[in-house]
Amino acid sequence: MKNSLAPTLMLAMPELDGSWFGRTVILLLRHDETGSFGLVVNRPFEAMRSEQVLDLLGIPEPLVSPGLLTGGPVSPEQALVLHPVANLCEGNPEVLRGLYVAAQRETLNHLCHQSDDPYWIVMGYAGWAAGQLEDEIEMGSWFVVPSTDEGDRILSAPRNNLWHDLAQSIGL
């Protein structure tokens, strides 16, 4: 796709309040002619604790317990990891300045035992069919944040303030 929006952040606009996506911040990871894929980065995952997820993966006693987020309503059993460590493993792209995404268990194991940096396990994702996200943006459901410098904020900001802080930083 010639004008891909990804990677970027998107804010759910007030018209989505009351829906699953009300007041969410989306880290848009893919946007092309086949559809779009992103992660909600401000909604805690409440079905389990991070220690339970690590235990299911056979990863004992982390130095720093990761945060656990609900990434979206699709495939909540799938997990990705958001972290700040460059060159940790092959296939961990930098999606925003200082923010990397990984799907490998080895990456999570390394972060658990050799890093005291903040990181997040994200369960599930948000997905849009071809053209669907463009239609929702045109209808005013989403605001695309014109910055790629928010990696540190995504990793360290309090989840309950993230939507408001980003909206305020861009004058919404």
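Look above for the structure.
About the thresholds
Residues numbered from 1 in each chain as written. Predicted model: local features only at pLDDT ≥ 70, side-chain atom pairs only at ≥ 80, totals over all residues. Heavy atoms only, no water. Core = buried A, V, L, I, M, F, W, Y, C linked by side-chain atoms within 4.5 Å. Buried < 20%, exposed > 50% of the residue type's maximum accessible area, 1.4 Å probe, protein only. Helix = DSSP H or I, 4+ residues; strand = E, 2+ residues; numbered from the N terminus. Contact = heavy atoms within 4.5 Å. Polar contact = N/O pair within 3.5 Å; in protein donor to acceptor, adjacent residues only side chain to side chain.

Draft legend 1. Representation of the nonpolar core within the structure. By size, the foremost hydrophobic cluster in this structure holds 25 residues, and its most contacted members are Leu 27, Val 41 and Leu 82. If you tally residues by element for this core, the top one is helix 5 (residues 159-169), at four residues. The residues contacting Leu 27, other than those within four sequence positions of it, are Thr 8, Leu 9, Phe 37, Gly 38, Leu 39, Val 41, Leu 82, Val 95, Leu 96 and Leu 99. Ranked by size, the runner-up nonpolar core spans 14 residues in total, among them Val 81, Leu 108, Leu 111 and Ile 121.

Draft legend 2. A look at the side chain of His 31. Examined against the element boundaries, His 31 turns out to sit in strand 2 (residues 25-32). A distance of 2.9 Å separates the side chain of His 31 from the backbone nitrogen of Leu 5, its partner in a polar contact.

Draft legend 3. Up close: the environment of Leu 155. Here Leu 155 is to be found in helix 4 (residues 151-156). When the C-alpha atoms of Leu 155 and Gly 22 are compared, they prove to be 21 Å apart, with 133 residues separating the residues in sequence. In this structure, Leu 155 is in contact with Leu 82, His 83, Pro 84, Gly 98, Leu 99, Pro 118, Tyr 119 and Trp 120, ignoring residues within four places of it in sequence.

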